[in-house]
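# Tertiary structure, described
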Amino acid sequence: MEPHTVNSSPAGEPIRRHGGDQDCPGGRNAASDVTAAMLRQAVETSLAGVCIADRQGRIVFANEALLAMWGYDLEDIAGMPTDFLWLSRRGEPDCVDCAPPAGRWSGTMVARRKDSSLFDVRVSAGTIHDPKTADTWSLLSCLEVPMQWKAEDTPGHRRTLERAIATMPARFADPARIDAAIDDSLEDLGRACGACRTYLSLFNDPRTLLGTTHEWCMPEQKPRRGEFQKFLTSDLPWWAVRILEGETVLVDGTSREGRPPRQEREFLKWHGITATLMIPLRLEARVVGFVGFDQDAEDARFADEDVALLHAGVHIIATALERKQSECIFRESENLYQIVLDAITDAVIVVDIRLRLLLANDAFIAWCEELGLETNVVGKDLFAVLPFLPAAARQQYERVVRTGRPLTSERSFKIGDRTITIREVRIPIFEHGEVTRVITVARDITDQRQVEDLKSKAYTQIERNMEQFALLADHIRNPLQAIMGRAELIDDAEATEKIRQQVQRINAIIDQLDERWAESRKLSTFWRRYS
């Protein structure tokens, strides 16, 4: 998993109130780590200015596009109410107030820059929800309306196209609805530019297959979603070559340098259309497909302004697909890590720096089940899952995070009428030079410790017996000396000699026992050292 901890505030960093050092309410826990990372990627790469407000209507984040549009720095507007950005509308409801009940609001507003100059902005207001607290946050997507695109000078379809593009970033805020958001966006863009069909087509890696993955078309058109077109890499169509080279292909039957009109007429006739626009779609700077816009009206044309706007829409779609691709790669990586962890017989968990469980292998789940503890542990606090952990365990995790060095510990816990002994190894995981996660490998060594205790007791008893045996040998020798002294006083030489022989025989036996005792002592020392 490349496990790492991500600040879950929308800005990816603590948001400060305007003119103070207090954290804005809800800024730290606005969403899960993965969702917050995807939301940041969406708003930072969006061509539209994006602003996020908390449930009190205060600004907690603005991307670079919005800051450049208004001429502010983030510190200037963080913590300010959203109506700070707009010219007063004489008591009319603010777009943030309109969005939560309706779910979405769009319109044109007059904005005030930092230098007090005014400009028109297309605004789309939507809502996002905190998955933990269910708090509702507001997301504003803004596009400046250039002077030449004002309502009195702009054709109706172009105003519709501008509104369609302005609503797209908010639509893609939910990572779980990216496919539906692409379909809805293709429909809005297609209707706005007068297309009979809009579609997203992707090449396979060898560039031998082209498939339509998303599509919107008028009722009278035959859907082509799911269809595939095969190519020979040595004989690609002229339009496919140009798209793969990163060029926008516009075919409307007019003569263009380097391409005979006959090819265009045959292409349009084959597809039953009068004009088409194909805009390359790039993922990580590599062309992987295109978004096509087909028209079938007799006088169909794509104006340069429309093409520029559609390019912006395709860029937003490409950004959404990059997020989806990154999420899939992350999930695959996470699944691989889970498979590896489950193959380990020791209990293994991964926690972030707040000691929230991110991963747990099967051995840990089985251990919790055996102890009668909660088994649904992912996402929960470690001390809530293992309530018997002492306060010293928290200090050990803090030490690993602070020092960046592994730590091994061993301790005993009393759970009910049972006493268990756990040996733990805590290993830090680094990201960008900082510890973001900690892997803990734990082994229940209760049985092993009991066996070691039994062995220690057995060794102690053996040594005690050997010491008693040595004392017993001395106790035997002392009476023998007395017997030998008494034998020396007997006048019978033959009897004295027999007694001396028996005493010597007993002493020889005791000497042999002493040698065996010395060997046993060496063997006992060896057992203690290597067993």
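First things first, this report covers the structure right here in the doc. Because the structure is a prediction, the values reported are computed rather than measured. (Residues numbered from 1 in each chain as written. Predicted model: local features only at pLDDT ≥ 70, side-chain atom pairs only at ≥ 80, totals over all residues. Heavy atoms only, no water.)

Glancing now at the overall build of the protein chain. A count of helices and strands for the protein chain gives 14 helices and 16 strands. Burial analysis of the protein chain (531 residues in total) assigns 44% to the buried set. Sequence-distant contacts, at least 24 apart, represent 51% of the contacts inside the protein chain between residues at least 6 apart. Of the roughly 28,300 Å² that the protein chain leaves accessible, carbon and sulfur atoms contribute 52%. (Helix = DSSP H or I, 4+ residues; strand = E, 2+ residues; numbered from the N terminus. Buried < 20%, exposed > 50% of the residue type's maximum accessible area, 1.4 Å probe, protein only. Contact = heavy atoms within 4.5 Å. Areas by Shrake-Rupley, 256 points an atom, 1.4 Å probe, with all protein chains shown as cover.)

Following the criterion strictly, the structure yields 11 aromatic pairs and no others. Arranged with centres 6.0 Å apart and planes meeting at 75°, the rings of Trp-239 and Phe-290 form a pair that is edge-to-face. Taken as a pair, Trp-239 in helix α7 (residues 238-244) and Phe-290 in strand β11 (residues 286-295) lie far apart in primary sequence, 51 residues in all. Grouping residues by exposure puts Trp-239 and Phe-290 together as buried. Taken together, the ring pairs in this structure connect Tyr-199, Phe-203, Phe-231, Trp-238, Trp-239, Phe-267 and Phe-290 into an aromatic cluster. Between Arg-113 and the ring centre of Phe-119, over which it is positioned, the NZ or CZ distance is 4.0 Å. Looking at Arg-394, its charged tip hangs above the ring of Phe-383, at a distance of 4.2 Å from the centre. (Phe/Tyr/Trp six-rings, centres within 6.5 Å; stacked < 30°, edge-to-face > 60°. Lys NZ or Arg CZ within 6 Å of the ring centre and 35° of its normal.)

The subject of this paragraph is the nonpolar core. Grouped burial of nonpolar side chains is what soluble globular proteins tend to show. With 39 residues, the main nonpolar core has Leu-281, Phe-293, Phe-302 and Leu-310 as its most contacted residues. Contributions of two or more residues to this core are made by α5 (156-171), α6 (178-193), β10 (275-283), β11 and α9 (304-342). Once you skip the residues sitting within four places of it in the chain, Leu-281 turns out to touch Leu-200, Leu-202, Arg-286, Val-287, Val-288, Gly-289, Phe-290, Val-291, Val-314, Ile-317, Ala-318 and Leu-321. Judged by nonpolar contacts, the second largest core, of 29 residues, contains Phe-364, Leu-386, Phe-413 and Val-438. (Core = buried A, V, L, I, M, F, W, Y, C linked by side-chain atoms within 4.5 Å.)

Here helix α10 (residues 362-370) has its buried residues at Phe-364, Trp-367 and Cys-368. Down the axis of α10, the buried side of the element spans an arc of 100°, and every buried residue falls inside it. Seen from the buried face of α10, the exposed residues on the opposite side, beyond 90 degrees, are Glu-369 and Glu-370. Where α10 is buried, its residues meet β12 (347-352), β13 (357-360), α11 (382-385), β15 (418-431) and β16 (434-444). Two residues or fewer past α10, Gly-372 is found with a positive phi of approximately 75°. (Arc of directions from axis to C-beta.)

Sheet strands line up and pair through hydrogen bonds in the backbone, either parallel or antiparallel. Ordered by their spatial adjacency, five strands build an open sheet running β13-β12-β16-β15-β14, and the pairing between neighbours is antiparallel. Each edge of the open sheet is held by one strand with a lone partner, namely β13 and β14 (407-415). Between one strand axis and the next, the sheet turns by 25° as a mean value, whatever way the strands run. Sheet topology places β15 next to β16; 10 bridges connect them, and they run antiparallel. Paired with Glu-424 across the bridge in β16 is Ala-442. Set on the sheet, α10 makes contact with β12, β13, β15 and β16; between it and β12 the angle comes to about 100°. Each of β12, β14, β15 and β16 touches helix α12 (residues 391-403); the most contacted strand, β14, lies at about 165° to it. (Pairing = 2+ DSSP bridges. Axes fitted to C-alpha atoms, helices over the stretch in contact; angles between N-to-C directions.)

What follows covers the environment of Thr-276. For Thr-276, the location among the structural elements is in strand β10. For the pair Thr-276 and Val-249, spaced 27 residues apart in the sequence, the C-alpha separation amounts to 8.0 Å. Aside from chain neighbours lying at most four places away, what touches Thr-276 is Tyr-199, Val-249, Leu-250, Val-251, Phe-267, Leu-268, Phe-293, Asp-294 and Phe-302. Of the polar contacts made by the side chain of Thr-276, one reaches the backbone oxygen of Phe-293; its length is 3.4 Å. Looking at Thr-276, its side chain comes within polar contact range of the side chain of Asp-294, at 2.6 Å. (Polar contact = N/O pair within 3.5 Å; in protein donor to acceptor, adjacent residues only side chain to side chain.)

On the surface, a cluster of nonpolar side chains totalling about 460 Å² of accessible area is made up of Phe-469, Leu-472, Ile-476, Ile-506, Ile-509 and Leu-513. Secondary-structure elements contributing two or more residues to the nonpolar patch are α13 (446-488) and α14 (493-530). Looking at the element boundaries, Ile-476 is found in helix α13. (Patch = residues over 30% accessible without salt bridge, like charges linked within 9 Å, V, L, I, M, F, W, Y side chains within 5 Å. Salt bridge = Lys/Arg side-chain N within 4 Å of Asp/Glu carboxyl O.)

You can see Asp-76 is positioned in helix α3 (residues 74-77). Asp-76 sits in the partly exposed class, given a relative accessible area of 22%. In this structure the C-alpha to C-alpha distance between Asp-76 and Lys-114, which are 38 residues apart in sequence, comes to 9.5 Å.

It is worth spelling out a negative patch on the surface at this point. A cluster of acidic residues, Glu-44, Glu-64, Asp-73 and Glu-75, forms a negative patch at the surface. Along the chain, Glu-44 turns up in helix α1 (residues 33-45). Looking at Glu-44, the relative accessible area reads 40%, which means it is partly exposed. (Lys, Arg positive; Asp, Glu negative; His and termini not counted. Charge placed at Lys NZ, Arg CZ, Asp CG, Glu CD.)

So, on to the pattern of salt bridges. Close approach of charged atoms lets side chains of opposite charge pair. For the structure on display, the rule yields 18 salt bridges. The shortest N-O distance in the salt bridge between Asp-183 and Arg-225 comes to 3.3 Å. Pair noted here: Asp-183 is in helix α6 and Arg-225 is in the loop between β7 (209-217) and β8 (228-230), with a separation of 42 residues, a long-range link. For Arg-225, a relative accessible area of 42% corresponds to the partly exposed category. Glu-494 is the partner of Lys-498 in a salt bridge, and the nearest nitrogen-oxygen pair spans 3.9 Å. Residue Lys-498 and its partner Glu-494 are both found in helix α14; the two are separated by four residues, about one turn of the helix. For the pair Lys-498 and Glu-494, one class covers both residues: exposed. Each of Asp-352, Arg-354 and Arg-356 takes part in salt bridges that share partners, so that together they form one network.

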